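Given next are the chains, with one letter for each unit.
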Protein chains: 2
Amino acid sequence: MSDNNNTSFEARRALEAHRDKIKPRHLRELFAQDASRVSTLSLELPGLLLDYSRQRVTDETLTLLTRLAEECDLRGWIERMFAGAEINNTERRSALHTLLRQQAGAPLNDGLRERFDAVTAMRQRIRTFANAVRGGEWRGVGGEAITDVINIGIGGSHLGPQMATAALASPTDAGPRVHFLANVDPALSADMLADLDPATTLVIVVSKTFTTQETLANARTVRQWWLEATGESDALSRHFVAVTANPDKAAEFGIPGDNIFEFWDWVGGRYSMWSAVGLAIALGVGPERFEALLAGAHRMDRHFAETPLERNLPVVLGLLEVWNHDFLDFATRAVIPYRDSLRFLPAYLQQLEMESNGKRVQRDGSPVAWQTQPVVWGNVGTNGQHAFFQMLHQGTQIVPLDFIVAFGDDTGNRRQQDMLVANCLAQAQALAFGRTQDETRKMLDDSPDADRLAPHQTFPGNRPSSVLALDRLDAETLGMLVALYEHKVFVTSCIWGINPFDQMGVELGKTLTGRILKGMAGEGVGEPATDALIERYKRINSMGY
Amino acid sequence: MSDNNNTSFEARRALEAHRDKIKPRHLRELFAQDASRVSTLSLELPGLLLDYSRQRVTDETLTLLTRLAEECDLRGWIERMFAGAEINNTERRSALHTLLRQQAGAPLNDGLRERFDAVTAMRQRIRTFANAVRGGEWRGVGGEAITDVINIGIGGSHLGPQMATAALASPTDAGPRVHFLANVDPALSADMLADLDPATTLVIVVSKTFTTQETLANARTVRQWWLEATGESDALSRHFVAVTANPDKAAEFGIPGDNIFEFWDWVGGRYSMWSAVGLAIALGVGPERFEALLAGAHRMDRHFAETPLERNLPVVLGLLEVWNHDFLDFATRAVIPYRDSLRFLPAYLQQLEMESNGKRVQRDGSPVAWQTQPVVWGNVGTNGQHAFFQMLHQGTQIVPLDFIVAFGDDTGNRRQQDMLVANCLAQAQALAFGRTQDETRKMLDDSPDADRLAPHQTFPGNRPSSVLALDRLDAETLGMLVALYEHKVFVTSCIWGINPFDQMGVELGKTLTGRILKGMAGEGVGEPATDALIERYKRINSMGY
């Protein structure tokens, strides 16, 4: 069953016909014709509002898209995911990130009890360890408390913990500083270690397989730094812990069993921040907030599992993506959080979405007959307004946007909070409705340059966006938000007929890297363009090979 | 003349016919048919190599693209820019960022002598001030040296200084730490100020107009923090300086004339890091390296001004963009620096490129008949490989890439430097050549799952990239690199017929922000979707308006 192809051509044909009617219409017109769209085209959960009234859709569009979802058996796929079926068909695994935030007493498939017990036990270990480090009971080699944590990991072992730690950090929190060492670039570790004291630094090595090239290279470099500085190899266990699904490899590296936090092969790397991979979050912002993050994600899980498709937030968000990308042909989507502490969210979503759905074959290996994942990109507002927004307003390419904004003012600086939120709303409005050339002419009426300048100051509008408004940015709401995007990715994967839980497209680069490393030490790799660069690299570093 | 339209339809037609021949051909085939492309499709300046052999072009493509550039009078436009003509036609200004890095003794139009004298004097002031602060002669209110600098600015007053300071920072440098305060988000300043000592903090307020909403709001917040902490309003001049083209406004804010560093209306914000806007760079990494940055940019300027189009790096880079975007229809371009310290380069280029060329009308206001600026996005390698590269290899959408790599090993950690560079070369090779389904079947030969898995592990290849290889990442090479991109943007603007030096697309959002701020305090703005969100915002913050 998991190999089933998506053959929903009937709903697609209806949507194509509908698209031909909608595409020429301007959002000004859609709003003029149906004032109720502000309320009908929005969905709410306590603490979170999705306003998609500025998307180029009508009620009918959503009805037709929902039919497409039904034809793709989305409801069945959702059930299979929560039940632990092996929906990651290429790797024959479940995808049970939802189990990682399962709450006691909530509905659970009987077959998952044992795994849930393991999850619960691990959650307890994380809490105990984080409290010990943050409370100062866990001591370093010289008897001092931990002041700094280095999270060594890349991809899913980096982006989630980094994003959540930055989002939830508070200047008044007394926990350790958390640093993220991902890139294999040796200058990064050198810069980071120059500022740290080995006696008060805790190192977490995070790798699902414990074979990730960058992570092991960085772990070795940091271990060497630590050993050279302290000379205390016996005390390594007070400074190095591992998070992995491959504890044997972590033990080989020299990390004692008590310091190994496990996760499982039914957790994909980019879905893993809810597992022990989130240890850095618990250390950085406290286990209470880490657990609130889980609880928020669980609330979204229940909503996703239990709500009819047409009122289901992840489903609607996913269907809008399919509409914008496959039917209106917009090649990218921008994510713009109006909250500086969400600055790592665009990079997090890039992995979550593009690594999951950036594929060209269906579950059974046959090529897709449509476009899959768009490019996801973005940066925080208001910064983006002073950078790339020019193109969003007046470029020749239309970019749909997700605006993410938190309304609650946490700082007491209400004047700036008003500005921040007003800027977000203004951008959504300007992009949707624009300003016609006639309106611009009128505005410039008393300028002698009006005729000359009007075309340059005209805004075509009709550029769609959604507004995701959080009541406030706290751990629980962040959990809801991230789970919303996770499930949205699952929704689009079902429409596109692909398996979002493998990442076979990263393998060839790894293979070639190994060959090139050998080629650098020898006679190249036999591909002339690569060999020319290897030669140059060797020359510049005057190698003696 | 500056209002001339681009009417180069003849060369475009030839390119369209050529495109139909090239598009079906695979890079494997192009390499097999012409082994010399590794050398013919590359260009070099001392310290910098552009290898575009993995672009989907032949010598003929470049010949036809060069003809397009000639028909667009690119040579004439380059001359007019360097001569100081008012090529920013909508605003009737010159675009003289090249004058900011002009070197004594180099060719210079006589009409620019006076402005160059002002540039030289300002360069001297920056050097003197930076040396005083870095050397500890400049003292704060309590008699202590400056340990921290806050650069308050957004857009061009943020992205360039941030990018260059991070790129050139050295852990052994004894200069002050530089912090960047751009976003109006009140939580950002609150977090930043919590860690700083007002007595040893220097604040630079950077705004071309000195009316930028975010910058003034943040400047007021920081000034209030400083005054409340020190109570020494007389000593403000030892802690606050301004960089602006509007010194009167800076004086109104309370910054004394001696602390105002001017730049000029012939410098666009996103082209301004070479001016006093780069003060934070000089403070952070030293005036010597700031001046080496200018010298490097000047080298690229001379190359751009003096080299025939077909051997001219910015020209070729620009023509490749036109080819990929207008003829091969690739909607985006990714920039992937394999150097963690270049992590802010993608955001810098987003502004430089998308704010310059994200336009839909030509110089005379008539609509363009082609696509202008693609979306520019990216992140550092190797991080990106563990995030969005899945989609680059196996997605349905092709994304051309700029790989940027620095070969010289600065850290002595050669093992990791080898890995970093090998990863970059491996990605370029894998994307270009891929792995066919037959090759994949062979590779999987002994696996019982070979038939099932081969389609998922097949790589179509033919995904184009350029490699920009720096001999090493130092100030001079960084200057060359940034000037290369600046001029590349100018090249594409000439082909597309647009003025890259205004940004009129940011105005409507500013206007609406003002209206919404009033609407928040009153009865809304009369647009139902915006008003619904204003209501919710007020409710959540329990406003008493």
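Above this note sits the structure.
Predicted model, so just to flag it, every value in this text is computed and none were measured. Sequence order sets the numbering: in each chain, residues are counted from 1 along the sequence as written. Chain labels run from A onward and ligand labels from 1 onward, assigned in the order the entries are written. Where local features are concerned, this predicted model is filtered to residues with pLDDT of at least 70; where side-chain atom pairs are given and counted, the filter is 80 or more; whole-chain, interface and lining totals use all residues. To get the side-chain values, take all heavy atoms of the structure and skip hydrogens and water.

Colleague: Whenever I open this one, the overall build of chain A confuses me. Can you help?
Modeller: Helix and strand assignments come from DSSP, with helices taken as H or I runs of at least 4 residues and strands as E runs of at least 2, each series counted from the N terminus. Each helix and strand in chain A was counted, giving 22 helices and eleven strands. Only the C-alpha atoms count toward the radius of gyration. The rule for a globule is 2.2 Å times the residue count to the power 0.38. The C-alpha atoms of chain A give 25 Å as radius of gyration, which agrees with the globular expectation for 545 residues (24 Å, within 12%). In terms of overall dimensions, chain A has a C-alpha envelope of 75 × 65 × 60 Å along the principal axes. The buried share among the 545 residues of chain A stands at 66%. By sequence separation, contacts in chain A at least 24 residues apart represent 75% of the contacts at least 6 residues apart. When a residue's accessible area, from a 1.4 Å probe over protein chains only, is under 20% of the maximum for its type it is buried; when over 50% it is exposed; and in between it is partly exposed. Whether two residues are in contact is decided by their heavy atoms, any of which lying within 4.5 Å being enough.

Colleague: What is the right way to look at the packing of helix α14 (residues 313-327) of chain B against helix α20 (residues 475-496) of chain B in this model?
Modeller: Residues and elements named next belong to chain B. As a rule, the C-alpha atoms of each element are fitted with a line to give its axis, helices using only the stretch in contact, and angles between N-to-C directions run from 0 to 180 degrees. The contact between α14 and α20 brings their axes to 8 Å, and the two run at 50°. On the basis of the axis angle, α14 is oblique to α20. Crossing of α14 against α20: the hand is right-handed. Residue-level inspection shows L313, P314, V315, L317, G318, L319, E321, V322, H325 and D326 of α14 in contact with α20, the latter providing L484, Y485, H487, K488, V491, T492, I495 and W496. Any residue outside Ala, Val, Leu, Ile, Met, Phe, Trp, Tyr, Cys, Pro, Asp, Glu, Lys and Arg is labelled polar, Gly included; the first ten of those are nonpolar and the last four are charged. Here the residues of the contact of α14 with α20 sort into eleven nonpolar, four polar and three charged. Between 65 and 115 degrees an angle is taken as roughly perpendicular, under 35 as roughly parallel, over 145 as roughly antiparallel, and anywhere else as oblique. Take the far helix as the reference: if the near one is turned anticlockwise from it by less than a right angle, the crossing is left-handed, and if turned clockwise, right-handed.

Colleague: What's the story with helix α10 (residues 213-230) of chain B in this structure? I'm lost.
Modeller: Every α-helical turn comprises 3.6 residues, leaving residues that sit three or four positions apart pointing alike. Residues and elements named next belong to chain B. Multiplying 1.5 Å by the residue count of a helix minus one yields the expected span of that helix. Between the first and last C-alpha of α10 there are 26 Å, a value that for 18 residues agrees with the 26 Å anticipated at 1.5 Å per step. Burial in α10 covers these residues: E214, T215, L216, A217, N218, A219, T221, V222, W225 and W226. Positive backbone phi, approximately 60°, marks G231, located one or two places after α10.

Colleague: What is the right way to look at helix α4 (residues 59-71) of chain A in this model?
Modeller: All names here are of chain A. With 13 residues, α4 extends 19 Å from end C-alpha to end C-alpha; this agrees with the ideal 18 Å at 1.5 Å per step. Taken together, the buried positions of α4 are occupied by T61, L62, L64, L65, T66, L68 and A69. Lining the buried residues of α4 we find α1 (9-22), α5 (74-83), α14 (313-327) and α20 (475-496). Residue D73 follows α4 closely and has a positive phi angle near 60°.

Colleague: When you look at the side chain of T201(A) in this model, what are you seeing that I'm missing?
Modeller: Residues and elements named next belong to chain A. Assignment of secondary structure puts T201 in strand β5 (residues 201-206). What qualifies as a polar contact is a pair of N or O atoms within 3.5 Å, subject to a donor-acceptor requirement within protein and to the restriction that residues adjacent in sequence count only when both atoms come from side chains. Only 2.7 Å separates the side chain of T201 from the backbone oxygen of D197, close enough to count as a polar contact. In contact with T201, not counting residues within four places along its chain, are I146, D148, I150, L196, W225 and H239.

Colleague: Can you walk me through the sheet that holds strand β3 (residues 148-152) of chain A in this structure?
Modeller: Two strands in a sheet stick together by hydrogen bonds in their backbones, pointing the same way (parallel) or opposite ways (antiparallel). Residues and elements named next belong to chain A. Strand pairing is assigned whenever DSSP detects at least two bridges linking the two strands. Pairing within the open sheet is parallel, and its five strands lie in the order β4-β3-β5-β6-β7. Sheet topology places β4 (177-181) and β7 (260-262) at the edges, where each strand pairs with a single neighbour. For this sheet, the mean inter-axis angle between neighbouring strands, taken without regard to orientation, is 20°. Bridging between strand β6 (residues 240-244) and β7 involves three bridges; their strand directions are parallel. Within the sheet, the bridge partner assigned to V243 lies in β7 and is F261.

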